[in-house]
Amino acid sequence: MTVRRSIARMVANEELNFLLTNRIPRRAATRFLGWFSKIERPWVARPSIAVWRLFSDVDLTDAAETTWPSMHACFTRSLKPGARRFVEQGVASPCDAIVGAHGPIAGDQVHQIKGAPYALSELLGSAKDATAMAGGSFVTLRLTAGMYHHFHAPCDLIVERVTYISGDCWNVNTPALKRVERLFCRNERAAIHCRLPDGRPLVLVAVAAVLVASIRLTFLDTRAAIRVGGPRTIAVGKAVARGMDMGWFEHGSTIVVLLPEGMALAGGIETDQHLRAGATLAF
């Protein structure tokens, strides 16, 4: 049995997967990886990237570079021009992702998996902001560790403000979502409040996860992680064009997309489907 097959079997064992990625000092492990991944030494970077590729399904064929000074540089890689094409109509997927839970926003309630609800007001940190999305719908997009980690404007938007909420860093994969109640409400996150050209609201909630050393928002300041400065709301008032880079994670994570009333997911979107940034998500 090859090493890759052994790893795949280990990952498929939900109990073992959960224990190895959650029953550890999550924040300490995350801080360590944030430091370690930025070491710019070939004898560190090359083996680190090789091990990462062994444990994750990493495709670097569309990366803009072929070598990287650190594992961090490879994590946060840019793509070749034209590697992701954004549909011209509707709302596109902001990132490469696996589709998770999705459906209508029922009052103040959405769910992380079937039978595991959580309050939208808790996720956003505001009952008023949750009420603004009443009658809309949601879709959960999970970025795995091996995916392209940037996320982009799903359509032309005005970014009005960002609310940063500090928190834990549980893994956001299926084994954890089945076992940790209100997981997205426990984790560190940034709610990006936007307006569509017709004035309706759209929210992207970037949720951090274990080993995510930071969430960076391109339209703010990528020199510092959003967590620097602590919990707060930041006024923005900036226009972003469809497909524009909005930020990145420094490992896999999740974006919860909140769509306004009158907008629905495109036909054919279903749980466990793989999407690429730019593919049609909603109309």
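Residues numbered from 1 in each chain as written. Predicted model: local features only at pLDDT ≥ 70, side-chain atom pairs only at ≥ 80, totals over all residues. Heavy atoms only, no water.

Asks: Looking at this structure, I do not really get the overall build of the chain. What am I missing?
Replies: A tally of regular secondary structure across the chain gives nine helices and 15 strands. The C-alpha atoms of the chain give a radius of gyration of 18 Å, which matches the 19 Å a tight globule of 283 residues would have. Across its three principal axes, the chain shows a C-alpha extent of roughly 50 × 40 × 40 Å. Within the chain, buried positions represent 52% of all 283 residues. (Helix = DSSP H or I, 4+ residues; strand = E, 2+ residues; numbered from the N terminus. Rg over C-alpha atoms; globule rule 2.2 N^0.38 Å. Buried < 20%, exposed > 50% of the residue type's maximum accessible area, 1.4 Å probe, protein only.)

Asks: Please clarify how the packing of aromatic side chains should be interpreted in this entry.
Replies: Two measures describe an aromatic ring pair: the distance that separates the ring centres and the angle between the ring planes. Across all of its chains, the model carries six aromatic pairs by this definition. An angle of 20 degrees between the planes, with centres 5.6 Å apart, marks the rings of Phe32 and Phe36 as stacked. Within this pair, Phe32 and its partner Phe36 are both found in helix H3 (residues 26-36), separated by four residues, close to a single helical turn. For Phe32, a relative accessible area of 48% corresponds to the partly exposed category. With a centroid separation of 5.5 Å and 40 degrees between ring planes, the pair formed by Phe151 and Phe249 is classed as tilted. Remark: Phe249 occurs in strand E12 (residues 245-249) and Phe151 occurs in strand E6 (residues 150-152); sequence separation between them is 98 residues. The same class applies to Phe151 as to Phe249, namely buried. One aromatic cluster is present, formed by Phe32, Trp35 and Phe36 through successive ring pairs. (Phe/Tyr/Trp six-rings, centres within 6.5 Å; stacked < 30°, edge-to-face > 60°.)

Asks: Got a minute to help me understand the sheet that holds strand E10 (residues 215-217) in this structure?
Replies: In a beta sheet, neighbouring strands are held together by backbone hydrogen bonds and run either parallel or antiparallel to one another. Across the sheet, which stays open at both edges, the three strands sit in the order E6-E12-E10 with antiparallel pairing between neighbours. Two strands bound the open sheet, and with one partner strand each, they are E6 and E10. The sheet shows a mean angle of 20 degrees between the axes of neighbouring strands, taken without regard to direction. (Pairing = 2+ DSSP bridges. Axes fitted to C-alpha atoms, helices over the stretch in contact; angles between N-to-C directions.)

Asks: Looking at this structure, how should I read unusual backbone geometry?
Replies: With the exception of glycine, the majority of residues adopt a negative phi angle, and the majority of peptide bonds are in the trans configuration. Phi at Arg182 is positive, roughly 55 degrees, even though this residue is not glycine. Relative to the elements of secondary structure, Arg182 occurs in the loop between helix H8 (174-179) and helix H9 (183-186). By relative accessible area, Arg182 is classed as partly exposed at 29%. Of note in this structure, Asp272 is not a glycine but carries a positive phi near 75 degrees. Here Asp272 shows up in the loop between strand E13 (253-259) and strand E14 (274-275). Judged by its relative accessible area of 56%, Asp272 falls in the exposed class.

Asks: Any chance you could explain the sheet that holds strand E5 (residues 137-143) here in plain terms?
Replies: Pairing is antiparallel in the open sheet, where eight strands are placed in the order E11-E7-E8-E9-E13-E5-E2-E14. Each having just a single partner strand, strand E11 (232-240) and E14 make up the two edges of the open sheet. Sheet topology places strand E8 (residues 189-195) next to strand E9 (residues 201-207); seven bridges connect them, and they run antiparallel. Bridging from a neighbouring strand, Arg195 pairs with Pro201 of E9.

Asks: Would you mind showing me how to read the side chain of Asp62 here?
Replies: Looking at the element boundaries, Asp62 is found in the loop between helix H4 (42-55) and helix H5 (71-75). A polar side-chain atom of Asp62 sits 2.9 Å from a polar atom in the side chain of Arg84. Setting aside residues no more than four positions away along its own chain, Asp62 makes contact with Leu79, Lys80, Ala83, Arg84 and Arg276. (Polar contact = N/O pair within 3.5 Å; in protein donor to acceptor, adjacent residues only side chain to side chain. Contact = heavy atoms within 4.5 Å.)

Asks: How should the state of the cysteines be read in this particular structure?
Replies: Between two cysteines, a covalent bond joining their sulfur atoms is known as a disulfide. The tally for this structure, following the rule as stated, stands at zero disulfides. In this model Cys185 remains outside any disulfide bridge; the closest cysteine sulfur is found in Cys169, 16 Å from its own. (Disulfide = S-S within 2.5 Å.)

Asks: Honestly, H3 in this entry has me stumped. Any pointers?
Replies: For the α-helix, the turn length of 3.6 residues means that residues three or four positions removed from each other point alike. If you check which residues of H3 are buried, you get Arg26, Thr30, Leu33 and Gly34. Taken down its axis, H3 places every buried residue within 105 degrees of arc, on the same side. Turned more than 90 degrees away from the buried face of H3 sit Arg31 and Trp35, all of them exposed. (Arc of directions from axis to C-beta.)

Asks: Before we go on, may I ask you to explain the pattern of salt bridges in this structure?
Replies: Between side chains of opposite charge, a pair can form as their charged atoms come close. Here the structure, examined in full by the defined rule, presents 11 salt bridges. The residue Asp62 makes a salt bridge to Arg276 at a minimum N-O spacing of 3.2 Å. Taken together, the residues Asp62 in the loop between H4 and H5 and Arg276 in the loop between E14 and strand E15 (280-282) connect sequence positions 214 residues apart. Close ionic contact of Arg216 with Glu250 constitutes a salt bridge, the shortest N to O distance being 3.6 Å. Of the two residues, Arg216 is situated in strand E10 and Glu250 in the loop between E12 and E13; the sequence distance between them amounts to 34 residues. As far as burial versus exposure is concerned, Arg216 and Glu250 are alike and both buried. (Salt bridge = Lys/Arg side-chain N within 4 Å of Asp/Glu carboxyl O.)

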